[in-house]
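Architecture at a glance
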Amino acid sequence: MSIDFKQSYFELFGLPQQYVVDEGQLASAFRELQATHHPDRFAADSDEDRRIAQQATSFINTAQETLKSPRLRARYLLSLAAVSFDDERDTTSDMMFLMSQMERREQLEQVTNAADPFEAIDEISRDVKKDYKDLQGAFVTSYESDDLEEAKQVVLKLKFFERLMGEIKQLEEKLEDDV
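Notes on the structure follow. Only a predicted model underlies this, so the values are computations on that prediction, with no experimental measurement involved.

A closer look at helix α3 (residues 47-68)
- Counted at 1.5 Å a residue, the expected span for α3 with its 22 residues is 32 Å, and the 31 Å between its end C-alpha atoms agrees.
- Every buried residue of α3 is accounted for by A53, A56, T57, F59, I60, A63, Q64, T66 and L67.
- Next to the buried residues of α3 lie α1 (9-13), α2 (23-37) and α4 (70-80).

Shown next, in the form of structure tokens:
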């Protein structure tokens, strides 16, 4: 059973090409493909067969990571619609959004000075997760209405939120270590 490297990640896992994915179906299809194509199964085969198995496994892993991540999945859908990204230059120009991101970072910097730092970071985390979910909804709306430029702007904003959630997690770990 060989892999068609030209098929979309959605086709690979037998999923409809849409933003909302069935995570159970994705995980199940991933395990099945991994079991079929894992390089260990081809250890006694030719160099070419082992190399192809390695490439197939890499393709399967990349596809799974992409579809599992809300931001990467959104970006991938846009790439399938011929929307390109320049990671060096593309950023959102929404000044209200950028200001709110700065305010959140300032709130994070103040967490350690709060009367209850854990409550303060939990509150920030709840707000950030809610806004992240809202942005995902905005992506679906703009993507499904074929407003691809707006959908791209949402993807750029999702990247800010991923960074922010990473910073929150680091701060939570630091707070727990300091207890």
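Quick notes on the packing of α4 against helix α6 (residues 117-144)
- Following both chains from N to C, one finds α4 and α6 inclined at 15°, their axes separated by 11 Å at the closest point. By the criterion of interaxial angle, the relationship of α4 to α6 is roughly parallel. Considering the relative orientation of α4 and α6, their crossing is left-handed. In contact with P70, R71, A74, L77 and L78 of α4, α6 contributes Y132, Q136, F139 and Y143.

Some details on the side chain of Q64
- As for its placement among the helices and strands, Q64 is situated in helix α3.
- When residues no more than four places from it in sequence are discounted, the contact partners of Q64 are F13, L26 and F30.

Some remarks on unusual backbone geometry
- Backbone geometry places A82, a non-glycine residue, at a positive phi of 70°.
- Summarising the element assignment, A82 is placed in the loop between α4 and α5 (95-110).
- When its relative accessible area of 69% is taken as the criterion, A82 is described as exposed.
- Even without being glycine, D146 reaches a positive phi, approximately 65°.
- Turning to its location among the elements, D146 is positioned in the loop between α6 and α7 (148-178).

Parameters and conventions
- Residues numbered from 1 in each chain as written.
- Predicted model: local features only at pLDDT ≥ 70, side-chain atom pairs only at ≥ 80, totals over all residues.
- Heavy atoms only, no water.
- Helix = DSSP H or I, 4+ residues; strand = E, 2+ residues; numbered from the N terminus.
- Expected span 1.5 Å × (residues − 1).
- Buried < 20%, exposed > 50% of the residue type's maximum accessible area, 1.4 Å probe, protein only.
- Contact = heavy atoms within 4.5 Å.
- Axes fitted to C-alpha atoms, helices over the stretch in contact; angles between N-to-C directions.
- Parallel < 35°, antiparallel > 145°, perpendicular 65-115°, else oblique.
- Left-handed = near helix turned anticlockwise from the far one by under 90°.

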